[in-house]
Amino acid sequence: MTETKKGWKDLPIGGNILEAGNSQHYFTGTWRTYKPITDLDKCINCLQCWMFCPDNSIVIKDGKMDGQDYDHCKGCGVCAAICPVKAIDMIKEEK
Amino acid sequence: MGKYIALTGAESAAFAMKQINPDVVAAYPITPQTPVAMKFSEYVANGEVNTEYVTVESEHSAMSATVGAAAAGARAMTATASNGLALMWEIVYIASSMRLPILMAVVNRALSGPINIHGDHSDAMGARDSGWIQIFNENNQEVYDSFIMALRIAEHPDVLTPAMVCQDGFITSHSVENVMPLTNEQVQKFIGKKKFKGLITADKPFTMGPLDLQDYYFEHKKQQHEAMKKVFAVVEEVQNEYAKEFGRKYSVIEEYRTEDADTIIMGLNSVMGNVKTVVDSAREKGIKIGAVKPRFFRPFPVDYLRDLLPKFKAVVVLDRSDSFGAMPPLYSETLAALYGIENAPMIKGYIHGLGGRDTNLAMIETVVDNLQKLKDTGEGNLTFEYLGVRE
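Attention in this report is confined to the structure presented alongside it.

Conventions and cut-offs
- Residues numbered from 1 in each chain as written.
- Chains lettered and ligands numbered in written order.
- Predicted model: local features only at pLDDT ≥ 70, side-chain atom pairs only at ≥ 80, totals over all residues.
- Heavy atoms only, no water.
- Pairing = 2+ DSSP bridges.
- Helix = DSSP H or I, 4+ residues; strand = E, 2+ residues; numbered from the N terminus.
- Axes fitted to C-alpha atoms, helices over the stretch in contact; angles between N-to-C directions.
- Buried < 20%, exposed > 50% of the residue type's maximum accessible area, 1.4 Å probe, protein only.
- Right-handed = clockwise from strand over helix to strand, strands pointing away.

Regarding the sheet that holds strand β15 (residues 383-386) of chain B
All names here are of chain B. A sheet is described by the order of its strands in space; here 6 strands give the open sequence β9-β11-β10-β13-β14-β15, paired in mixed fashion. Both outer strands of the open sheet, β9 (253-256) and β15, are each paired with one neighbouring strand and no more. Sheet twist, expressed as the average angle between the axes of neighbouring strands with direction ignored, equals 20°. Strand direction decides the pairing type here: strand β13 (residues 314-319) and strand β14 (residues 346-351), joined by 6 bridges, are parallel.

Examining the pairing of strand β5 (residues 103-108) of chain B
All names here are of chain B. Within β5, 6 of the 6 residues are buried, leaving the element largely enclosed by the surrounding structure. Neither face of β5 is exposed, since Leu-103, Ala-105 and Val-107 on one face and Met-104, Val-106 and Asn-108 on the opposite face are all buried. With 4 bridges joining them, strand β4 (residues 76-80) and β5 adopt parallel strand pairing. In the strand pairing of β5, Met-77 is matched with Leu-103. Following the backbone out of β4, through helix α4 (residues 82-97) and into the adjacent parallel β5, one traces a crossover that is right-handed. Here β5 runs beside strand β7 (residues 163-168); their pairing, made up of 6 bridges, is parallel. Bridge pairing in β7 places Leu-103 opposite Ala-163.

Digging into the sheet that holds strand β6 (residues 133-136) of chain B
Residue and element names in this part refer to chain B. A sheet is described by the order of its strands in space; here 7 strands give the open sequence β3-β2-β4-β5-β7-β6-β12, paired in mixed fashion. The sheet terminates laterally at β3 (52-55) and β12 (296-298), the two strands that pair on one side only. For this sheet, the mean inter-axis angle between neighbouring strands, taken without regard to orientation, is 20°. Where strand β2 (residues 24-27) meets β4, 2 bridges bridge the pair, whose relative direction is parallel. From the neighbouring strand, Val-24 faces β4, where its bridge partner is Ala-76.

In structure tokens:
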């Protein structure tokens, strides 16, 4: 999750962002205080977490829930709150 | 070159805008700027320009619409004065931080209150940290020429920063003078096609004005800081080209009878006309006095002043605005520019003409007398006071 940010000489002026889809490159995961940990054995793949996640950070693999994208998950806890089988725990982030 | 026509200062700004033929103008009337917007809207109504004129409901909207248009890639302009500029405040900063080369005619007027519609510089001086280029103009011809040159300066790829072209409310804006404009063809050739790209004119889509937090904002401010440092190089280039093409030579700091002067009076905008008249009469009495008129307040011509002012023994700085509880802007920044220079002149400041109070010849003659005392005895060095205020 380390990234080298450009300096003032190289950045586009005025805060302009020249590429579309750039939010993928912005690692909001660094903001997290609590990290969602999913017990996939408990998970029933209802995908409500996927529907409710405000940051598109639920990873889906072959149509099934496969944990969180920690580069972008901000740790809001919505997935844990919505999970009907309590398969997601919010654990304090170790810094 | 055309021939002389009679224009007020406000009409000079509008006439320059007409010849530039901007894509978008959004302005809201406020005394004494109203005749700029009024005259320009006449040009629009008569089909003399291709401009989309947006009749907004306030100055906040005027600057917002101008920012929107410039962001889309349009040449966009507005005009305001006093409280109108104050109401724009939020968007004034956004225009410069988005690096949009907008031009704004500012007809300097006192800020309320108590309510006053006449000329002083408190409006523009309040905006001195907003990241705009500020050009101050003594007369109608200067307003006109500055407008044409300002476009080239603001749109220069090294600069891309908006510019205010200032003139004194009523004193300049409502006084008729002979102005020699260029022809439309000369103006169009001089300004050229715009090179900056906006959201609509760019080759591929991009995002403007996004959230810019602790991790990037600092770098973007540094870019603005650096762009301002490049302004005077561009100004010199544009001024030289203007002089070569049209025979009118401007400089960052205008000097009047300074060659053998040991004292000078310095100030901005219209008061310098009266100062020059008083310099002439003092010269007849054998006083070696001159006048120095910075045409730019932002960027502040620090290096120019550090070169120029040590030639004199004593300097008076006239400010047409106060900075309550501090030194007035032109005085304090001149002092700061001179710090640590060997042979720096003695310096005294006057706050004059607030709320449009006439700074007449007799008042400036008093200044000349005090300036000679300052030179001879050091009396009043490093002080500032109100000029001609009733006790």
